[in-house]
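Residues per chain, in single letters:
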Amino acid sequence: MWGGRFADGPDAIMEEINASIDFDRHLYRQDIAASKAHAAMLGKQGIITADDAAKIAHGLDTILSEIESGMFTFKRSLEDIHMNVESRLAELVGPAAGRLHTARSRNDQVATDFRLWVRATIDTIDAALADYQKALAEKALAHATTVMPGFTHLQTAQPVTFGHHLLAYVEMAARDRGRFKDARKRLNESPLGAAALAGTAFPVDRDMTAEALGFDRPMANSLDAVSDRDFVLETLSAASITAVHLSRFAEEIVIWTSPLTGLLLLSDRFTTGSSIMPQKRNPDAAELVRAKTGRIIGALQALFTVMKGLPLAYQKDMQEDKEGAMDALSALSLSIAAMTGMVRDMLPDVARMRAAADGGYSTATDLADWLVNTLKMPFRDAHHVTGRIVAKAASDGIALDALPLEAMRAIEPRLTKDVYAVLSVDNSVKSRVSYGGTAPKNVRREANKWLKALAREG
């Protein structure tokens, strides 16, 4: 490729560290598509002959078929996907292949290929997240009235519905999808035609190649076009936040499926056993989703570290942009699929959830609110009175709604038997009708809204 300047070939170690074909071979569809667009533009502009452009297009189609059928031989000595394709093209169409690289560089070529790959991957992830949202919303609708304890600090706080809890993750996934869509919008500009870094003196039509590849426009600055990796960083940032959301839910699944809580059951499809303890049912799918978050965030940090000290324009360091990103986005896709499967598979123990909600004095806030609404007590005073009543129930070892009225009146004489109506977990969740609250009618409305919106997406 650069034999005119170099008399000797690279050392074996140099060849090993320089080669990227082991991972950038995954860009073959994008590389061939970009090369076809470039060749068509060169032919239209008269930079190469129409005959050569046709030969190149036919040869590239042949190479695509060979790769997809497994008949193509990738050679590490040719370094990367670009030279592997170009070398095979020369074998197929002869001298015309050497004209394909007119008015472009591997710098704008790889930037174009990787943008196309990231764009396609974002579309795949978006569809997977939509399916995850659908699974959550369907399960939420089915459990709009299933009462469970809500937690803060992993301590029982207030009763909520299982459906409401699941809808929280629907909202998170919506924001995740929004971040990916934002990243996609910003990355959808074409570097092709920027050449090495300064543009080209050939009369190229960059709008033509951008349109052919589905980009919104060509990138406006040739230096930026070949040296920018914001699009990878932004996508990995969106992926990292998504992975954190999945990991938080995975952690809850691990906790809920433990016999210590027993709030949830996963079937054999998403659990494994132990090699020594026959009774074990391990939530390994959830644990692995939780763990894969590390490699996704790690890929983002690694690329930040690569890019932080690079002057304009292209540097070979940027070869490190692909392997980590490809691994991370693959891990995210697998994690989304696993979480979607677990959501559809999970079976909440409704009775156990309700019993857990009944414990822990979860309706104490409802008692405080009753004191405010009925006795017109300042909330801070109501909070103090309620705390004393809870302490009394706890010392007697009974539930709040089992504490005799006389015991409550010893603390606050104005209490009436009507207070017991607010101490049940069912009435508690039904009362939370404020926008975004856990009331079953809210859950049904929101779940149906999401299911309709997702159905419209197709």
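See the structure above.
Residues numbered from 1 in each chain as written. Predicted model: local features only at pLDDT ≥ 70, side-chain atom pairs only at ≥ 80, totals over all residues. Heavy atoms only, no water.

K.L.:
Kindly report on the packing of helix 14 (residues 364-375) against helix 15 (residues 379-396), identifying the contributing residues and their values.
P.N.:
The contact between helix 14 and helix 15 brings their axes to 8 Å, and the two run at 135°. Considered as vectors, helix 14 and helix 15 are oriented oblique to each other. Helix 15 is crossed by helix 14, and the crossing has right-handed handedness. Taken together, the residues of helix 15 that come into contact with helix 14 (itself represented by Ala364, Leu367, Ala368, Asp369, Leu371 and Val372) are Phe379, Ala382, Val385, Thr386, Ile389 and Val390. Split into classes, the residues belonging to the contact of helix 14 with helix 15 amount to 10 nonpolar, 1 polar and 1 charged. (Axes fitted to C-alpha atoms, helices over the stretch in contact; angles between N-to-C directions. Helix = DSSP H or I, 4+ residues; strand = E, 2+ residues; numbered from the N terminus. Parallel < 35°, antiparallel > 145°, perpendicular 65-115°, else oblique. Left-handed = near helix turned anticlockwise from the far one by under 90°. Contact = heavy atoms within 4.5 Å. Nonpolar A, V, L, I, M, F, W, Y, C, P; charged D, E, K, R; others polar.)

K.L.:
Tell me about the pattern of salt bridges, residues and numbers included.
P.N.:
Per the counting criterion, the structure on display carries 31 salt bridges. Note that Asp176 is salt-bridged to Arg179, the shortest N-O span being 3.0 Å. Note that Asp176 and Arg179 are positioned in helix 7 (residues 162-187) at a spacing of 3 residues, about one turn of the helix. Here Asp176 falls in the buried class, since its relative accessible area comes to 2%. With relative accessibility at 26%, the residue Arg179 sits in the partly exposed group. When salt bridges that share partners are traced, they join Glu66, Arg88 and Glu91 into one network. (Salt bridge = Lys/Arg side-chain N within 4 Å of Asp/Glu carboxyl O. Buried < 20%, exposed > 50% of the residue type's maximum accessible area, 1.4 Å probe, protein only.)

K.L.:
Now, about the pairing of strand 2 (residues 155-161): what can you tell me, with residues and values included?
P.N.:
In this structure, strand 1 (residues 147-152) lies alongside strand 2, joined through 5 bridges in antiparallel fashion. In the strand pairing of strand 2, Val147 is matched with Thr161. Connecting strand 1 to the next strand, strand 2, in antiparallel fashion are 2 residues, including His153 with a positive phi near 60°. (Pairing = 2+ DSSP bridges.)

K.L.:
Any chance you could break down a nonpolar patch on the surface for me, citing the residues and the numbers?
P.N.:
Residues Leu197, Leu223 and Leu312 make up a contiguous nonpolar surface patch of roughly 260 Å² in combined accessible area. Its place among the elements puts Leu223 in helix 9 (residues 222-227). (Patch = residues over 30% accessible without salt bridge, like charges linked within 9 Å, V, L, I, M, F, W, Y side chains within 5 Å. Areas by Shrake-Rupley, 256 points an atom, 1.4 Å probe, with all protein chains shown as cover.)

K.L.:
Requested: an account of helix 3 (residues 28-44), with residues and values cited.
P.N.:
An ideal rise of 1.5 Å per residue puts 24 Å on 17 residues; helix 3 measures up with 24 Å between its terminal C-alpha atoms. When helix 3 is considered as a whole, its buried residues turn out to be Tyr28, Gln30, Asp31, Ile32, Ala34, Ser35, Ala37, His38, Ala39, Met41 and Leu42. Summarising the contacts, the buried residues of helix 3 are in contact with helix 2 (21-24), helix 4 (50-68), helix 5 (81-93), helix 6 (106-142) and helix 8 (206-212). Positive backbone phi, at 75°, marks Gly46, one or two positions downstream of helix 3. (Expected span 1.5 Å × (residues − 1).)

K.L.:
An account of the packing of helix 11 (residues 284-307) against helix 12 (residues 320-345) is needed here, citing residue identities and associated values.
P.N.:
Axes are the key here: two packed helices are described by the angle between their axes and the distance separating the axes. Relative orientation of the contacting elements helix 11 and helix 12 amounts to 155°, with a least axis distance of 9 Å. In terms of their interaxial angle, helix 11 and helix 12 are classed as roughly antiparallel. For the pair helix 11 and helix 12, the sense of crossing is left-handed. When helix 11 is examined against helix 12, the residues Ala285, Ala286, Val289, Lys292, Arg295, Ile296, Ala299, Leu303 and Val306 are found in contact with a partner set consisting of Glu320, Asp321, Gly324, Asp327, Ala328, Ala331, Leu332, Leu334, Ser335, Ala338, Met339 and Met342. In the contact of helix 11 with helix 12, the residues fall into 14 nonpolar, 2 polar and 5 charged.

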